[in-house]
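# Coordinate inspection notes
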Amino acid sequence: MKRAYFLFRKELTSIFVSPVAWIIMVLFTLVMGANLYLSMIAVSGDLKQLVAAGYGGLVSWFMLLVIPPLITMKSLADENRQGALEVLMVTGISDASVVAAKWAAAWIFYVILWCCLLPLWGILGMVGVLDTGVLFVTHMGLFVVGAAYCANGILASALTSHPLASAGLAFMFNVGLFMIHWLRFFFRPGDLELLWVEYLSAVHHIGDELTQGILDIRVFVWWGSFTLLTLFLSARVLERRRW
Amino acid sequence: MIEIENLSLSFGDRRALDDVSFHVPKGAVTGFIGENGAGKTSTFRVLTTWLLPDPETVSVRVGGIDLLKDPHAACSRVGVLPEQLALPGELRVDEYLKFRSRLKGVSGNRIHDEVVRVLNAVNAPEMIRRRLDTLSQGYRQRIGLADALLGDPPVLLLDEPTRGLDPRQITQFRELIDGLRGNHTLLLSSHVLGEVEQVCDRICVISEGQIRLEEDRETWMQRLDQLGRLHLELDCPDTGAKSQVTQWLKEQPEVSTVENEGSVWSIQADRTLRTRIGKKALDEKWIIQELRSEPATLESLFLQWTGPEKKKAQS
């Protein structure tokens, strides 16, 4: 675990000493800031509806699907291609620790990205009535769904040895998870399958529950389990050189 | 220090290492030579636990620790300078080496001293605050070596350490390797056989996943002496005299082959034959235009031991 922590620290340092991370942060804040501004016009300044409009909309989903693959694409793919992974493993660190550390660093950066928007919400809270509970729960949802999407990125990065291929594959995994929501149109209200689709759908969790202030612990169980399973698979993929 | 017994490694149906056995004594610098794809890097990768050997492998011991039973402990006794050195360019030298020290289990209060020690060992203390992506190839190799030295591992594996360096850097790097002799056991993989000849106390030749030759310097130098050639040019002796010279040369016990073209003889023989040729020339009144010895190189020995005839004979 100690080694995983040291690697996590180094990964986080590597992210923040790179100008790319700061460019992503600035662009993310600008795009999401503009998105919130337009959403505010759409909901006629009603801050209670703004969370759902701002975070349940297309721009927000685009960010959710695209940002994790971009953060994770170099994690293992690039290092594997350059031989850095081999140098890392020589120190005796386990495959699982490498996967956990790389994922944690990517996820923390993802969380920091969303936290960049908090000052905007702070300003809005000063000029209007903001339901901080809804905002908090929505952010928790974004973080837990993001954890799974980052894990998809790590898995894609372990499967390929080229960052762009990794980003493309992770994007496809994320879109696949995102598309589960639309299976609901195949079922009628009351069908058991519909309940399953809703249980697995990130769009349902964020759009229909969390941004409405509904906190369902099953959301965290599902996305947490999915993240752990994907990270386990990533570690197994990394081990395949020994099979 | 490194003892390998019947090491096998397969990638699917392809056998990269086939019953490889060799040992590297403590403190020795051993040259590990072979063609591309012969199995050098695969052997290194097993020694660093990056790859697991096939189950039929009998034993791989590093510093007295069985790598098959306790890979983590065995791994901690090995420092490696890989052929493909990937350094995180965004970090400074000290940041990188401190991170590597932590991963290698150097205790917190010793980390700074350890980084300074290894940078001094590779003659690069002035690079401590430099970013890795601003270093020249020579310094990158030194930082790679400094990384391998972190934690003072008894065994060092150097995979093509002078690849991509200019002649001056190669000389400097060779001196660095020479300085490590005795304190560490070195296994050095290289295609530059002249370098191996200069630096190594032992050689181990691998070809198609099998060890072809394992010898110390004294033995291989003897071999080189035997494989050397003598060039003899006499002052236009007549045809009868020529055949007499050829006959006499063939009768000498040190001689393996004699080739004659005009008044020039090319003889594969031990260098000591030169004195007797001189004496014989005085007795027979041959006029020697030229008599020079051309010592064999490790390259010729390598070609002989990895050539098709040898492979055929071994199979």
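See the structure shown above.
Summary of the structure given here. (Residues numbered from 1 in each chain as written. Chains lettered and ligands numbered in written order. Predicted model: local features only at pLDDT ≥ 70, side-chain atom pairs only at ≥ 80, totals over all residues. Heavy atoms only, no water.)

Turning our attention to the overall build of chain B. Each helix and strand in chain B was counted, giving 12 helices and 14 strands. Against the 2.2 N^0.38 benchmark of 20 Å for 315 residues, chain B shows a C-alpha radius of gyration of 25 Å, more extended than a compact globule. Considering chain B as a whole, with its 315 residues, one finds that 51% of them fall into the buried category. The contacts of chain B with a sequence gap of at least 6 include a subset with a gap of at least 24, amounting to 67%. (Helix = DSSP H or I, 4+ residues; strand = E, 2+ residues; numbered from the N terminus. Rg over C-alpha atoms; globule rule 2.2 N^0.38 Å. Buried < 20%, exposed > 50% of the residue type's maximum accessible area, 1.4 Å probe, protein only. Contact = heavy atoms within 4.5 Å.)

Turning to the overall build of chain A, a few remarks are in order. When helices and strands are tallied, chain A shows 13 helices and zero strands. When its helices and strands are written in sequence order, chain A yields α-α-α-α-α-α-α-α-α-α-α-α-α. Here the C-alpha atoms of chain A give a radius of gyration of 19 Å, agreeing with the 18 Å that 2.2 N^0.38 yields for 243 residues. Projected onto the principal axes, the alpha-carbon positions of chain A cover approximately 60 × 45 × 30 Å. Of all 243 residues assigned to chain A, the portion counted as buried reaches 53%. Summarising the internal contacts of chain A: among those between residues at least 6 apart in sequence, 74% fall at separations of at least 24. Only carbon and sulfur atoms are counted for the fraction: they give 72% of the accessible area of chain A, which is about 11,200 Å². For chain A, the distance from the average site of its 15 positive side-chain charges to the average site of its 14 negative ones is 11 Å. (Areas by Shrake-Rupley, 256 points an atom, 1.4 Å probe, with all protein chains shown as cover. Lys, Arg positive; Asp, Glu negative; His and termini not counted. Charge placed at Lys NZ, Arg CZ, Asp CG, Glu CD.)

Residues and elements named next belong to chain A. Here serine 157 is to be found in helix H9 (residues 132–159). Reaching out from serine 157, the side chain makes a polar contact with the backbone oxygen of threonine 72 at a distance of 3.4 Å. Among all residues touching serine 157, those that are not within four sequence positions of it are Thr72, Met73, Lys74, Ser75, Leu76, Ala77 and Ser166. (Polar contact = N/O pair within 3.5 Å; in protein donor to acceptor, adjacent residues only side chain to side chain.)

The next point concerns the environment of B:Ser10. All names here are of chain B. One can find serine 10 in strand E1 (residues 2–11). Residue serine 10 is classed as partly exposed on the basis of its relative accessible area of 23%. Residues serine 10 and proline 53, 43 residues apart in the sequence, show an inter-C-alpha distance of 7.7 Å. Residues in contact with serine 10, not counting those within four places in the same chain, are Arg15, Ala16 and Asp54. Side-chain polar atoms of serine 10 contact the side chain of aspartate 54, separated by 2.6 Å.

With that settled, consider the pairing of strand E12 (residues 257–261) of chain B. Residues and elements named next belong to chain B. Here E12 runs beside strand E13 (residues 264–268); their pairing, made up of five bridges, is antiparallel. Residue pairing for E13: glutamate 259 is matched across the bridge by serine 266. Taken together, E12 and the strand that follows it, E13, pair antiparallel across an intervening segment of two residues, in which glycine 262 is found at a positive phi of about 65°. (Pairing = 2+ DSSP bridges.)

Glancing now at the interface of chain A and chain B. Across the contact, 24 residues belong to chain A and 22 residues belong to chain B. Taken together, the connections running from chain A to chain B amount to one salt bridge. A salt bridge links B:Arg45 to A:Glu86, with the nearest nitrogen and oxygen atoms 2.9 Å apart. In this structure, the connection of chain A to chain B is made through six residue pairs in polar contact (both at pLDDT 80 or more). Among the elements that make up the side of chain A that touches chain B, the one with the highest residue count is helix H1 (residues 2–17) of chain A (eight residues). Residue composition of the side of chain A that touches chain B, grouped by class: 10 nonpolar, seven polar and seven charged. (Salt bridge = Lys/Arg side-chain N within 4 Å of Asp/Glu carboxyl O. Nonpolar A, V, L, I, M, F, W, Y, C, P; charged D, E, K, R; others polar.)

A word on the packing of helix H9 (residues 239–251) of chain B against helix H10 (residues 273–284) of chain B. All names here are of chain B. Running from N to C, H9 and H10 point in directions that differ by 145°, and their axes come no closer than 12 Å. The handedness of the crossing between H9 and H10 is right-handed. Only Arg276, Ile277, Lys280 and Glu284 of H10 make contact with H9, whose side of the interface consists of Gln244, Trp248 and Leu249. Looking at the contact of H9 with H10, its residues break down into three nonpolar, one polar and three charged. (Axes fitted to C-alpha atoms, helices over the stretch in contact; angles between N-to-C directions. Left-handed = near helix turned anticlockwise from the far one by under 90°.)

All names here are of chain B. The strand order E12-E13-E11-E14 describes an open sheet built from four strands, whose pairing is antiparallel. Each of the sheet's edge strands pairs with one partner strand only, and the pair in question is E12 and strand E14 (288–294). Averaged over neighbouring strand pairs, the angle between their axes works out to 15° when direction is ignored. Looking at chain direction, strand E11 (residues 229–234) and E13 are connected through five bridges and run antiparallel. By the bridge assignment, leucine 230 is partnered in E13 with isoleucine 267. Along the sheet face, H10 touches E11, E13 and E14 and points at about 170° away from the line of E14.

Applying the stated criterion to the full structure yields 19 aromatic pairs over all chains. Look at A:Trp223 and A:Phe226: their rings are 6.1 Å apart centre to centre, the planes differ by 70°, and that puts the pair in the edge-to-face class. Here A:Trp223 and its partner A:Phe226 are both found in helix H13 (residues 217–239), three residues apart, which amounts to about one turn of the helix. A:Phe226 sits in the buried class, given a relative accessible area of 17%. Seen from their ring centres, B:Phe32 and B:Phe44 are 6.1 Å apart, and the 5° between their planes marks the pair as stacked. Residue B:Phe32 is found in strand E3 (residues 29–33), and its partner B:Phe44 is found in helix H1 (residues 40–47); the two are separated by 12 residues along the sequence. (Phe/Tyr/Trp six-rings, centres within 6.5 Å; stacked < 30°, edge-to-face > 60°.)

This part takes up the nonpolar core. In terms of nonpolar packing, the biggest core is built from 107 residues, with A:Tyr110, A:Trp114, A:Trp121, A:Tyr149 and A:Trp223 touching the most fellow members. When residues of this core are assigned to their parent elements, the largest contribution, 15 residues, is made by H9(A). Once you skip the residues sitting within four places of it in the chain, A:Tyr110 turns out to touch A:Leu64, A:Ile67, A:Pro68, A:Ile71, A:Leu142, A:Phe143, A:Gly146 and A:Cys150. Counting 51 residues, the second largest nonpolar core, distinct from the first, contains B:Leu97, B:Leu119, B:Leu135 and B:Leu213. (Core = buried A, V, L, I, M, F, W, Y, C linked by side-chain atoms within 4.5 Å.)

Attention now goes to helix H2 (residues 19–42) of chain A. Residue and element names in this part refer to chain A. Taking 1.5 Å per residue, 24 residues should reach 34 Å; H2 reaches 34 Å between its end C-alpha atoms and fits that length. For H2, the complete set of buried residues consists of Ala21, Ile24, Met25, Phe28, Met32, Gly33, Asn35, Leu36 and Ser39. If you follow the buried residues of H2, they end up packed against H1, helix H3 (47–55), helix H4 (58–72), helix H7 (95–115) and helix H8 (118–127). If you check the start of H2, you find a side-chain oxygen 3.2 Å away from the backbone N of valine 20, and it comes from serine 18. Where H2 ends, the next residue or the one after it, serine 44, has phi of about 55°, a positive value. (Expected span 1.5 Å × (residues − 1).)

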